[in-house]
Amino acid sequence: MTNSLNGDHRKMATGNMKAMWALLLTVTVVTAVAPSAAAGQFKKPVYYQLNDTLDRVISADFTNDGNLDLTVAGFFSGQVAVLLGRGNGTFHSAQYFSAPGAFALAAGDFNGDHNLDLAVVEYGGTGNSALGIFLGDGKGNFRESATYTLGIESYSVAVADFDGDGHLDVAVANGFGYGKQGQDGSLMVFLGRGDGTFKSPANYKLPNRPCAVATGDLNGDHYPDIVVAECNSDSAAVLMNDGHGKFKRTHTYGVGAGPNDVVIQDLGNGTLDLVLSDPAGGSVAVLLGNGDGTFGKATLYSTLPLGAGNPFLVVVGDFNRDGNPDIAVAIANGKSGIAILYGDGDGTFQSPIFVAHPTGALAGLALGDFNKDGAPDLAVSAAAPNHVAVLINTQ
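Rules used in this analysis
Residues numbered from 1 in each chain as written. Predicted model: local features only at pLDDT ≥ 70, side-chain atom pairs only at ≥ 80, totals over all residues. Heavy atoms only, no water. Pairing = 2+ DSSP bridges. Helix = DSSP H or I, 4+ residues; strand = E, 2+ residues; numbered from the N terminus. Axes fitted to C-alpha atoms, helices over the stretch in contact; angles between N-to-C directions. Contact = heavy atoms within 4.5 Å. Phe/Tyr/Trp six-rings, centres within 6.5 Å; stacked < 30°, edge-to-face > 60°. Buried < 20%, exposed > 50% of the residue type's maximum accessible area, 1.4 Å probe, protein only.

Trainee: Can you help me understand the sheet that holds strand S5 (residues 79-83) in this one?
Mentor: Pairing between sheet strands relies on hydrogen bonds along the backbone, with the strands arranged either parallel or antiparallel. In space, the four strands of this open sheet follow the order S3-S4-S5-S6, with antiparallel pairing throughout. Of all strands in the sheet, those with a lone pairing partner are strand S3 (54-60) and strand S6 (95-98), marking the two edges. On average, each strand axis in the sheet is tilted by 20° relative to the strand beside it, whichever way the strands run. Across five bridges, the pairing between strand S4 (residues 69-74) and S5 is antiparallel. Paired with Gly74 across the two strands is Gln79, which belongs to S5.

Trainee: When you look at the environment of Ala375 in this model, what are you seeing that I'm missing?
Mentor: Looking at where Ala375 falls in the secondary structure, it is placed in the loop between strand S26 (361-368) and strand S27 (377-383). Taking the C-alpha atoms as reference, Ala375 lies 23 Å from Val286; in sequence the two are 89 residues apart. Once residues lying within four places of it in the same chain are set aside, the contact partners of Ala375 are Arg321, Asp369, Asn393 and Gln395.

Trainee: In this structure, what is going on with the packing of aromatic side chains? I would like to understand it.
Mentor: Any aromatic ring pair is given by two values, namely how distant the centres are and how the planes are angled relative to each other. Enumeration according to the criterion identifies 18 aromatic pairs in this entry. Seen from their ring centres, Tyr48 and Phe91 are 5.9 Å apart, and the 85° between their planes marks the pair as edge-to-face. One end of the pair, Tyr48, is in strand S2 (residues 46-49); the other, Phe91, is in the loop between S5 and S6, and 43 residues separate them in sequence. With 5.3 Å between their ring centres and 35° between their planes, Phe97 and Phe142 make a pair best called tilted. Taken as a pair, Phe97 in strand S6 and Phe142 in strand S10 (residues 142-160) lie far apart in primary sequence, 45 residues in all. An aromatic cluster is defined as three or more aromatic residues linked by ring pairs; in this entry it consists of Phe75, Phe76, Phe103, Tyr123 and Tyr155.

Trainee: Sorry, what's going on with the side chain of Asp184 here?
Mentor: As for its placement among the helices and strands, Asp184 is situated in strand S12 (residues 184-190). A relative accessible area of 16% places Asp184 in the buried class. Ignoring any residue separated from it by four or fewer positions in sequence, one finds Asp184 in contact with Gly175, Phe176, Gly177, Tyr178, Gly179, Lys205, Leu206 and Pro207.

Given below as structure tokens:
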């Protein structure tokens with residue numbers, strides 16, 4: 001069943017996207033003299049021109065040909081760009097479909113036809129946002145199957161089978177729109193029916209402006225849990241799954257001076273860990289997991305010695321192919337670009353090093369092996385000019 005929307009979710013964002021408060025929780029900070037760039041980590045960026053000021057980008061195989069493709073959210077035009085991969089590190093020109101206020105994306109097979117579909121957060125500014133479900137045909141085309149009302153200032157979306165029924169579900173972080181006078185944020189969890197539609201969402205109150213969501217099995221019970229970055233409390237909230245797709249907030253961790261993005265991944269210590277961007281504090285936060293749904297305190301790796309601020313998006317991959325996970329971070333403002341924190345294999349990292357400086361105002365970051373050589377590559381969406389830059393790994 002498709003939910004109706006009021007007109008507010010079409011409003012464009014005005015003013016500040018994220019408020020930053022002072023950090024109240026203790027963290028460990030790692031700083032160092034800025035190292036020189038890692039020569040030759042990536043080839044020169046190849047740019048694919050797009051027709052909109054851009055937001056998030058993701059990579060996935062939407063055509064079932066074994067080649068990774070790209071989708072890019074275009075907020076102001078209300079379109080999503082689809083760039084089909086050739087499998088050699090290059091992409092076809094973009095094709096588009098309409099998704100008003102497109103801001104964040106996640107891929108998954110929502111109707112069981114073995115073609116990847118898209119969940120699109122359609123950002124509503126000070127009005128209600130929307131969740132658009134677009135079903136893929138396996139050829140790179142998408143059609144809207146359902147639209148669901150979200151909260152206000154919805155920023156992020158993640159996909160997993162939360163209730164173990166074999167159908168993918170969707171979680172969305174809402175900055176506001178819940179609680180008394182709509183001043184609290186929330187996590188919305190939509191359980192899938194397996195036919196491309198979803199049940200009415202469960203709302204989990206998170207009052208500190210949730211802005212990013214990620215999912216992973218944090219305690220080894222085979223049910224995906226959720227971590228939410230909370231912008232206004234400078235923290236990450238852990239919500240544990242009861243095995244039936246219901247969640248309980250169990251812990252909150254300090255992660256710097258204002259998180260923006262969160263990744264759940266094993267950083268080399270054998271358990272799932274957390275990596276968060278900290279644009280307000282100019283750092284990347286790493287929290288090592290204990291394997292039971294709890295984490296140690298954050299270690300902050302400063303990007304300030306690079307002469308840059310606002311590290312706002314992170315991905316994890318073994319970029320130098322030494323067997324240790326590394327962290328790539330998109331940095332805006334000052335000396336903007338892509339920096340890498342090379343991993344030591346035990347959950348600790350070297351100081352960040354710039355490896356690329358794509359042109360434009362960076363907006364999205366995605367990882368994938370675009371030329372199928374076994375090394376992770378990067379795609380970076382940007383505005384002014386509007387394009388997606390593809391960075392092919394030389395390792």
